Structures are given as C-alpha cells and as structure tokens.
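Breakdown of the fold
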Amino acid sequence: MKIAILGWGSLIWQPKELAYNKTFGWQKDGPILPIEFARISKDGRLTLVITENGTKVPVLFTLSNYHNLEEAILNLAVREGSGRNSIGSYDKNKDTFSSKFLFKEEIKNWIKKTDFDAVIWTNLGENWNIKNDKGDIIRQIESERRIEYLKELKGNKSVIAEEYIRRTPIEISTFFRKEIEATLNWTPILNE
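About the thresholds
Residues numbered from 1 in each chain as written. Predicted model: local features only at pLDDT ≥ 70, side-chain atom pairs only at ≥ 80, totals over all residues. Heavy atoms only, no water. Helix = DSSP H or I, 4+ residues; strand = E, 2+ residues; numbered from the N terminus. Rg over C-alpha atoms; globule rule 2.2 N^0.38 Å. Buried < 20%, exposed > 50% of the residue type's maximum accessible area, 1.4 Å probe, protein only. Contact = heavy atoms within 4.5 Å. Areas by Shrake-Rupley, 256 points an atom, 1.4 Å probe, with all protein chains shown as cover. Pairing = 2+ DSSP bridges. Axes fitted to C-alpha atoms, helices over the stretch in contact; angles between N-to-C directions. Core = buried A, V, L, I, M, F, W, Y, C linked by side-chain atoms within 4.5 Å. Expected span 1.5 Å × (residues − 1). Polar contact = N/O pair within 3.5 Å; in protein donor to acceptor, adjacent residues only side chain to side chain.

What about the overall build of the protein?
Helix and strand content of the protein: six helices and ten strands. On C-alpha atoms alone, the protein measures out to a radius of gyration of 16 Å, which is about the 16 Å that the 2.2 N^0.38 rule sets for 192 residues. Across its three principal directions, the C-alpha atoms of the protein cover 45 × 35 × 30 Å. Buried residues in the protein amount to 49% of all 192 residues. Restricting the contact set of the protein to residue pairs at least 6 apart, pairs at least 24 apart contribute 66%. Summing over all exposed atoms, the protein offers an accessible surface of approximately 10000 Å²; the carbon and sulfur share of this is 47%.

As for the sheet that holds strand S8 (residues 118-122)
Strand order in the open sheet formed by five strands is S5-S1-S8-S6-S7, with mixed pairing between adjacent strands. Looking at the sheet topology across the chains shown, the edges are occupied by strand S5 (60-63) and strand S7 (96-97). Here strand S6 (residues 87-91) runs beside S8; their pairing, made up of five bridges, is antiparallel. The residue of S8 that forms the bridge with Tyr90 is Val119. In this fold helix H2 (residues 69-80) packs onto strand S1 (3-7), S6 and S8, with an angle of close to 15 degrees to the strand it touches most, S8. Along the sheet face, helix H3 (residues 104-111) touches S1, S5, S6, S7 and S8 and points at about 135 degrees away from the line of S8.

Comments concerning the nonpolar core
Among the nonpolar cores identified, the biggest contains 58 residues, and Leu6, Trp121 and Leu150 are the most heavily contacted of them. Apart from residues no more than four positions distant in its own chain, Leu150 is found in contact with Leu46, Ala161, Ile165, Ile180, Leu184 and Trp186.

A word on the sheet that holds strand S2 (residues 32-40)
On the basis of which strands lie adjacent, the open sheet formed by three strands has the order S3-S2-S4 and antiparallel pairing. Both outer strands of the open sheet, strand S3 (46-50) and strand S4 (55-58), are each paired with one neighbouring strand and no more. Averaged over all neighbouring strand pairs, the angle between strand axes comes to 50 degrees, with direction disregarded. Inspection of the sheet shows S2 paired to S4 by four bridges, in the antiparallel sense. Within S4, the residue paired with Ile32 across the bridge is Pro58.

Examining H2
Over its twelve residues, H2 runs 17 Å from end to end, which matches the ideal 16 Å to within 8%, given 1.5 Å per residue. Within H2, the full set of buried residues consists of Leu69, Ala72, Ile73, Asn75, Leu76, Ala77 and Arg79. Tucked into the core, H2 has its buried residues touching S1, helix H1 (10-13), S6 and S8. The residue sitting at the N-terminus of H2 and contributing the capping side-chain oxygen is Asn68; that oxygen lies 3.0 Å from the backbone nitrogen of Glu70.

Right, here's the structure in full:
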C-alpha cells in the first residue's frame, strides 16, 4: 500500500519521529484544503488546522515509509502527540474515510490523480482556549482576536509562536498569515 501524508505546518520542518521517505521529500501539489491559524496549542503557539473558516491552499504531501494504513496512522498520531482519533485518513481502494470530515471531495479529487492507495493527515479542529501548565482553561479568546493574542505572548511562548508562523511553508499563504506578516512583520523563513 502506498500512503501519502499531508502537511502544512511544523510536520514539514520538524518531522521528529515521522517515518517518511526523505528522498521523496515534501511535494507541493497536494489537495487544496481550507487551512488557517486557528488552534492554540498546548505550548501557546497559534497553529494551522483544516477549518471551514480557512483559506483554500494546496497543502504539501510526502510518502509514508509504512505500507499498512493503521501503522501509518499510529506513526502520525505519535508524532503529533495525539490519539488515533485526531488523524484523518482515506483508503482509495475501499473508498472510506476514517472519521467525520467535511472536505471529502477535495481529498478524493486529488488522490484519484495520483498512484497513492491512501492518504492521512492531522485532523484537529479549531481551539481558542488558553490553558495553564496543568491543562486547565484560563480563558478563551475570540477568533477575530488572534493577532492581539500573538502580541500578548511573552518570552519563550512568543519565540516559538513566531518560529511556527515564520517557518510555515510559503505555499500556505492564508488570510491570517498575510495579516500577521503585515502587523507583526513575521515574514517567512525558508526551510532547509
């Protein structure tokens, strides 16, 4: 089984234990999906997710070293530090999606033009909750205030938030990325 892994954020420049074909690398003509900076992560970064409120952009893809869909899903879940339920997948041969997913046609239209048998991706939703170190919700921000949120960050949280946004591949040119670049001058850093 030939399995594609979709990416648009830190997975590309910080793959950690992701088992992917480094010779194949990250290709730039993946499916067009609505992506946006719309999730506050555990470490305070504002990260990219697939969301109805996103900008439609072509995401990147690579080739998994796994040939078994469940093993590939588990590998991506470990890399993301999440459970299996946070990983989306589509099996072309069975014509089945692993979970509720709004953008099925975009995935199907892309994969039928490829020789991949399946595709997997991180399927986390928007999150506007700011949590403390124990994981308790301190407060919630409004999505329209994401730039103000980034301005409020201090110390290490500010540095890792800036790095995430600046290292995001230039192809992921979302509405709020352009706003962040214009307001905070967090322009892209080219990845190796």
